[in-house]
Structures are given as structure tokens and as C-alpha cells.
Amino acid sequence: MYYNYPYGLFNQAYLKRYQMQTEVNRQWEQNKNITDMVKALSDFLKASEKVDADYQQQAFDACMSTICMHMANKNGGKL
């Protein structure tokens, strides 16, 4: 009875378990983000291998443009 809301809010063991679960969830989420990032990079590298030499400069320019746009968006629209 005293472990349920609202009494559980003041129970130190409950708060500790909640904090630990929150941290575990955060770690899982960050590990998933890293996995997604590595997969995207792998896909990017595989796609870059398919670009013919005649189009490599165009591909480079497009990638740099995308990077600059992303940086600008993260920096309040300023490069």
C-alpha cells in the first residue's frame, strides 16, 4: 500500500529503482542512436562506392552542401 502513488514518491528504495530504470532506458536509447548512426554511415559509404569518377565532384559538392545546411540549422541559421 505504501509503495504506490503518492506514498512511493517518498520511498527511497522506490526512487532509487526509478532512477536506475531511467538511466538504463537512457543508455539503451543512446546505444540505439549509435547503432542507427553506424548503419547510416555504412549505407553512405556503400553508396559512395557506386558513384562514377566523373560524378565524384558533384557528389562531394552535394555532401558538403548538406553538411553546411545541417551546421547552419544547428547554429541558429548561421555558418
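All of these numbers come straight from a predicted model, not from anything done at the bench. (Residues numbered from 1 in each chain as written. Predicted model: local features only at pLDDT ≥ 70, side-chain atom pairs only at ≥ 80, totals over all residues. Heavy atoms only, no water.)

### Observations regarding the overall build of the chain
Note the following rule: Each helix corresponds to a stretch of at least 4 residues labelled H or I by DSSP, and each strand to a stretch of at least 2 residues labelled E; elements are numbered beginning at the N terminus. Burial classification: accessible surface area is computed with a 1.4 Å probe over protein chains only, and a residue below 20% of its type maximum counts as buried, one above 50% as exposed, and the rest as partly exposed. Where accessible areas are quoted, they stem from the Shrake-Rupley method and a 1.4 Å probe; at the residue level, only the protein chains shown are allowed to cover.
Counting secondary structure elements, the chain contains 2 helices and 0 strands. Across the 79 residues of the chain, 4% fall into the buried class. Only carbon and sulfur atoms are counted for the fraction: they give 60% of the accessible area of the chain, which is about 7600 Å².

### Some remarks on the pattern of salt bridges
Opposite charge on two side chains makes pairing possible when the charged atoms of those side chains draw close. For clarity, the cut-off: Here a salt bridge means any side-chain nitrogen of Lys or Arg lying within 4 Å of a carboxyl oxygen belonging to Asp or Glu.
This structure, assessed with the given rule, holds 3 salt bridges. In this structure, D36 and K32 form a salt bridge, with 3.0 Å as the shortest nitrogen-oxygen distance. In this pair, D36 and K32 are both assigned in helix 1 (residues 12-49), 4 residues apart and thus about one turn of the helix distant. For D36, a relative accessible area of 38% corresponds to the partly exposed category. Take K32: its relative accessible area is 39%, and that puts it in the partly exposed class.

### A word on a nonpolar patch on the surface
The condition that has to hold: To count toward a patch, a residue needs a relative accessible area above 30% and no salt bridge. Like charges then connect within 9 Å, nonpolar side chains (Val, Leu, Ile, Met, Phe, Trp, Tyr) within 5 Å.
Taken together, F60, M64, I67 and M71 make up a surface patch of nonpolar side chains, about 380 Å² in accessible area. Tracing the sequence through the fold places M64 in helix 2 (residues 56-74).

### What about helix 2?
Because each turn of an α-helix spans 3.6 residues, side chains separated by three or four positions in sequence point in the same direction. Selection rule: Between the first and last residue of a helix there are one fewer steps than residues, each counted as 1.5 Å, and that sum is the expected span.
Its 19 residues give helix 2 an end-to-end C-alpha distance of 27 Å, which sits within 8% of 27 Å, the value for a rise of 1.5 Å per residue. In the segment just after helix 2, G76 is the residue with positive phi, at about 70 degrees.

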